[in-house]
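If you want the building blocks of each chain, they are given just below.
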Amino acid sequence: MNSQFTESEINFPDYVNAGTLYGDLNKNLLTLEKSSGVTINVRGTGLRITGFPYEVELVTQLLNQLYELVSKGYPLYSSDLAFGLKILEADPKARLDRIFLDKVFVTTRNRVISPKTANQKRYIEAMRKNDIVFGIGPAGTGKTYLAVAMAVSALAGNQVRSIILTRPAVEAGEKLGFLPGDVAQKVNPYLRPLHDALNDMLGTEKATGLIEQNIIEIAPLAFMRGRTLSNAFIILDEAQNTTREQMKMFLTRIGFDSMAVITGDITQIDLPAKHHSGLLQSKKILHNIDGISFCNFSTADVVRHPLVQKIISAYEELEKGKHAD
């Protein structure tokens, strides 16, 4: 063994919970080995972890905390090991149970929706405490998905009477040309991500039924003009593509007993050059108002395929290089 390496042994008392933690054919442990650089040997319900001291301590802490979660009935997903490792790397004193056990919603397929990063946890807490919340950050950080989950949870708990989901209909670098059909059919492609999130949580049949009853409304931002949106959970998605005038119009639609969540990625603005983003302006002028919270995400919060985080980081480095020239 390398003289710089150290070892740690863990013995878990419950065979069933240990098996859940390890995964089928120890798949979770193999994934953890690749991402952390340690070697993990299984001995019954016990483990021997070998590697550099910092890595061994980190993985030991991670496995102990995840075992506690599994023992409490938490439905462990293989991706939770990667999420947990990132959280502890950023803050070795973090308690994963305070994050992962914050149940936002349970889908029709009994999948628990909960935060997977410290910033996601702060985002959810902000939505519980404020009437207007901005979620700003790169793709894949759960900004829209968690907002929809909170909206569905609020509807199910009779905290609001309706959900309104909206986004500006702006082409992302492509000219789509003439689209056939009525107005709803023309704008539907822009709103597809919101439909997908609802279908995932409620099931297609129930989501469609609530939309037909106008309990859930999905519409382009232009349709919000002139309305007062009361007793509703309102989500404005892709807000980086709102103009200043559109953002002001949206924020002044909010009525009594309503809350609004505005999500966007300021690195992906698709507005024509002559237009300025309403999201950027809001970030500058609204940050000191009580009742409005801004939550910022980074590449560390990406919860999609591991390559997505690397891709976003690569583009960020490219942009930094451009600004440095």
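Residues numbered from 1 in each chain as written. Predicted model: local features only at pLDDT ≥ 70, side-chain atom pairs only at ≥ 80, totals over all residues. Heavy atoms only, no water.

1. What about the overall build of the protein chain?
Summing up its helical and strand segments, the protein chain has 12 helices and 11 strands in all. The dimensions of the protein chain, computed from C-alpha atoms along their principal axes, are 70 × 55 × 45 Å. Residue pairs at least 24 apart in sequence account for 69% of intrachain contacts in the protein chain once pairs closer than 6 positions are excluded. For the protein chain, the computed accessible surface area is about 17,200 Å², with 52% contributed by carbon and sulfur atoms. (Helix = DSSP H or I, 4+ residues; strand = E, 2+ residues; numbered from the N terminus. Contact = heavy atoms within 4.5 Å. Areas by Shrake-Rupley, 256 points an atom, 1.4 Å probe, with all protein chains shown as cover.)

2. Things to note about the nonpolar core
One finds Tyr123, Met127, Leu198 and Phe233 to be the most contacted residues of the largest nonpolar core, which totals 36 residues. Listed by contribution, the elements that provide at least two residues to this core are α6 (118–129), α7 (143–156), β7 (162–167), α8 (183–202), α9 (204–212), β8 (216–220), β9 (232–236) and β10 (259–264). No other element matches the nine residues that α7 contributes to this core. Setting aside its immediate chain neighbours within four residues, Tyr123 contacts Val133, Gly135, Gly142, Lys143, Leu146, Ala147, Val261, Thr263, Cys295 and Phe297. (Core = buried A, V, L, I, M, F, W, Y, C linked by side-chain atoms within 4.5 Å. Buried < 20%, exposed > 50% of the residue type's maximum accessible area, 1.4 Å probe, protein only.)

3. What about the sheet that holds strand β2 (residues 39–43)?
In spatial order, the strands read β1-β3-β2; together these three strands make up an open sheet with antiparallel pairing. Here the strands that pair on one side only, and so sit at the sheet edges, are β1 (6–11) and β2. Recorded for the sheet is a direction-independent mean angle of 20° between the axes of neighbouring strands. Where β2 lies against strand β3 (residues 46–51), five bridges are found, and the strand directions are antiparallel. (Pairing = 2+ DSSP bridges. Axes fitted to C-alpha atoms, helices over the stretch in contact; angles between N-to-C directions.)

4. A closer look at the packing of aromatic side chains
A full pass over the atoms with the stated rule returns six aromatic pairs. Between Phe12 and Tyr67, the ring centres sit 4.4 Å apart and the planes meet at 20°, which makes this aromatic pair stacked. Taken together, the positions of Phe12 in the loop between β1 and α1 (15–22) and Tyr67 in helix α3 (residues 53–71) put the pair 55 residues apart, joining distant regions of the chain. Between Phe134 and Phe294, the aromatic rings sit 4.4 Å apart at their centres with planes inclined by 10°, giving stacked as the arrangement. Pair noted here: Phe134 is in strand β6 (residues 132–136) and Phe294 is in strand β11 (residues 292–296), with a separation of 160 residues, a long-range link. Like Phe134, the residue Phe294 is buried in the burial classification. (Phe/Tyr/Trp six-rings, centres within 6.5 Å; stacked < 30°, edge-to-face > 60°.)

5. Concerning the pattern of salt bridges
For the structure shown, the criterion picks out 15 salt bridges. For Glu9, the salt bridge is made with Arg48, and the minimal N-O distance between the two is 2.7 Å. Of this pair, Glu9 sits in strand β1 while Arg48 sits in strand β3, and the two are 39 residues apart along the sequence. Across the pair Lys121 and Asp102 runs a salt bridge whose closest N-O atoms are separated by 2.7 Å. Taken together, the residues Lys121 in helix α6 and Asp102 in the loop between α5 (96–100) and β4 (105–106) connect sequence positions 19 residues apart. Here Lys121 falls in the buried class, since its relative accessible area comes to 19%. (Salt bridge = Lys/Arg side-chain N within 4 Å of Asp/Glu carboxyl O.)

6. With respect to the layout of surface pockets
Volume-wise, the largest pocket comes out at about 810 Å³. Every element with two or more residues in the lining of the largest pocket is listed here: α4 (79–90), β5 (112–113), α7 and α8. Here the lining of the largest pocket gets four residues from one element, more than from any other, and that element is α7. Within the lining of the largest pocket, the residues separate by chemical class into 11 nonpolar, 10 polar and nine charged. (1 Å grid on protein atoms, 1.4 Å probe; cavity = no way out; pocket = protein on both sides within 12 Å on 5 of 7 lines; lining within 4 Å. Points joined across faces, edges and corners; volume = space filled by probe spheres on them. Nonpolar A, V, L, I, M, F, W, Y, C, P; charged D, E, K, R; others polar.)

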